[in-house]
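If you want the building blocks of each chain, they are given just below.
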Amino acid sequence: MSTPDQSDAPVQSDPADHDTPPPGPTPAARARRARIAAASLLMAAAAVVLALRLASRSSVLVVGVYGLLLILCGGVIELSRRGRTRLGTWLLAAGLAAALVMDGVVLS
């Protein structure tokens, strides 16, 4: 009698193999990076608009509104780094809407 070959034996899967995450960033990490990128782009746009408003000698209130928007973008970046992406998204959207409304109200 011959002994069974090792290749004929059924392969047993290790239960730990099923618990390992797939390689690459998780969906939460991708969401954080997307929020950080969006807040960074908005921060750059707010800085450009602020520079244009300063060049056109706009009201100090407009300068303050865009300054607060810059601070808010920095806060959203920090919130996203800490994993609070939903809160950061809501703050970013509300801050942008408030800045645009205040810009229209102050300039009219």
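Right above here is the structure, for reference.
Residues numbered from 1 in each chain as written. Predicted model: local features only at pLDDT ≥ 70, side-chain atom pairs only at ≥ 80, totals over all residues. Heavy atoms only, no water.

Caption draft 1: Summary view of the nonpolar core. Ranked by size, the top nonpolar core spans 13 residues in total, and within it A39, L42, Y66, L69, C73 and L92 carry the most contacts. When contributions to this core are tallied by element, the ones reaching two or more residues are α1 (27-55), α2 (60-81) and α3 (85-107). Broken down by element, the residue count for this core peaks at seven residues, all from α2. Not counting residues up to four positions away in its chain, the partners in contact with Y66 are A46, V49, L50, R53 and D103. (Core = buried A, V, L, I, M, F, W, Y, C linked by side-chain atoms within 4.5 Å. Buried < 20%, exposed > 50% of the residue type's maximum accessible area, 1.4 Å probe, protein only. Helix = DSSP H or I, 4+ residues; strand = E, 2+ residues; numbered from the N terminus. Contact = heavy atoms within 4.5 Å.)

Caption draft 2: Broad picture of the side chain of S80. Looking at the element boundaries, S80 is found in helix α2. When neighbours within four sequence positions are excluded, S80 is seen to be in contact with R32, R35, I36 and T85.

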